[in-house]
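Chain and residue survey
One-letter residues, chain by chain:
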Amino acid sequence: GGAGLLADVKTFEQCGVFGFGVCTAITAQTEEECLHVQWLSEQDIILQLTPLFENYPISAVKLGIFPSVEILETILRWIRHKNENVFIVWDPVLKATSGFEMMDVSKKDFYQLLSLTDLITPNAPELRKFTLKDELNLSAEQLKVYTSVLLKGGHSEEEECIDYLFTPQGTYTFSKER
C-alpha cells in the first residue's frame, strides 16, 4: 500500500479527487524488494476500464506499470478512443525502487508513446534512459515538444526535493524539504 495503485488512490483522495483504480499487475513486494509480479492481460485491463468509462465522466487517467509496450500502447489508444479529451499522465515505471525490472522500452517506442500522452512523470534514471543529454533539464526541454514533462526530484541527494514541470508554456518549479 506504499506504492503503485493503492498509493495513487490515497493521493487522489487527499487532493479531493475521486479516483478509481485499475490493476495491470499484482505484485508481492516490500519497500526493499519485489518478489513476484503477475501481469494482467490486455483483456483483463480493458474489462476493468470499460464500466468506468461507461458510467463516469473520466477527465484524467494516470498510467503506471505495464508488462509490454504493445499492451501500454493498446490501452492508451483504447482510452483515447473512449474519450479523446481525457488528460493522460504516464509514469514510465521501468524499474521498481528495489531494482526489479518492469518494462523494457526502446527509445523509438518511448517517443511513439509520448504522442499519446499529455504528461509524463519520469524520475532522473528513467529520463536518462531515453535521452542523449546528461543534463536532465535539457532532456526535459527536448521532450516537451512531444508532451509535458514533470521531472520528479525524489531520487536526488539534495536536502530539498525539487520537481520541475516543463510545458510548452514554460517551466515551473515545486520544492519541498526531504
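The structure under discussion appears in the preceding block.
Below is a summary of the structure that appears in this document. Just so we're clear, the structure is a prediction, and the values are computed from it rather than from any experiment.

Criteria and thresholds
Residues numbered from 1 in each chain as written. Predicted model: local features only at pLDDT ≥ 70, side-chain atom pairs only at ≥ 80, totals over all residues. Heavy atoms only, no water. Pairing = 2+ DSSP bridges. Helix = DSSP H or I, 4+ residues; strand = E, 2+ residues; numbered from the N terminus. Core = buried A, V, L, I, M, F, W, Y, C linked by side-chain atoms within 4.5 Å. Buried < 20%, exposed > 50% of the residue type's maximum accessible area, 1.4 Å probe, protein only. Contact = heavy atoms within 4.5 Å. Phe/Tyr/Trp six-rings, centres within 6.5 Å; stacked < 30°, edge-to-face > 60°.

Okay, the pairing of strand S2 (residues 34-39) next. The pairing of strand S1 (residues 25-29) with S2 spans five bridges and is antiparallel. Bridge pairing in S2 places Ala 28 opposite His 36. In sequence, S1 turns back onto S2 through a hairpin of four residues.

Okay, the sheet that holds strand S7 (residues 160-167) next. In spatial order, the strands read S3-S4-S5-S6-S7-S8; together these six strands make up an open sheet with mixed pairing. Strands at the two margins of the open sheet, each flanked by one partner only, are strand S3 (60-63) and strand S8 (170-177). Pairing of strand S6 (residues 148-151) with S7, which is carried by three bridges, proceeds in the antiparallel orientation. In the strand pairing of S7, Leu 151 is matched with Tyr 164.

With that settled, the discussion passes to the nonpolar core. Of all hydrophobic cores here, the largest spans 38 residues; its most connected members are Leu 63, Ile 79 and Phe 110. Examining the composition of this core, we find that seven residues originate from one element, helix H3 (residues 69-82), more than from any other. Each residue touching Leu 63, except ones within four places of it in the same chain, is listed here: Leu 72, Leu 76, Ile 79, Ile 88, Val 89, Trp 90 and Asp 91. Among the nonpolar cores identified, the runner-up in size contains five residues, and Ala 25, Cys 34, Val 37 and Ile 65 belong to it.

The next point concerns the packing of aromatic side chains. Evaluation of the coordinates by the stated rule reveals seven aromatic pairs. For the pair Phe 18 and Phe 20, a centre-to-centre distance of 5.1 Å together with 80 degrees between the ring planes defines the contact as edge-to-face. Classification of Phe 20 by relative accessible area gives partly exposed; the value is 28%. Ring centres of Phe 53 and Trp 78 lie 5.5 Å apart, and the angle between their planes is 90 degrees; this geometry places the pair in the edge-to-face category. Residue Phe 53 is found in helix H2 (residues 42-55), and its partner Trp 78 is found in helix H3; the two are separated by 25 residues along the sequence. On the basis of relative accessible area, Phe 53 is assigned to the buried category, the value being 15%. Under the relative-accessibility criterion, Trp 78 is labelled buried at 15%. Through successive ring pairs, a cluster of aromatic residues spans Trp 90, Phe 110, Tyr 111 and Tyr 146.

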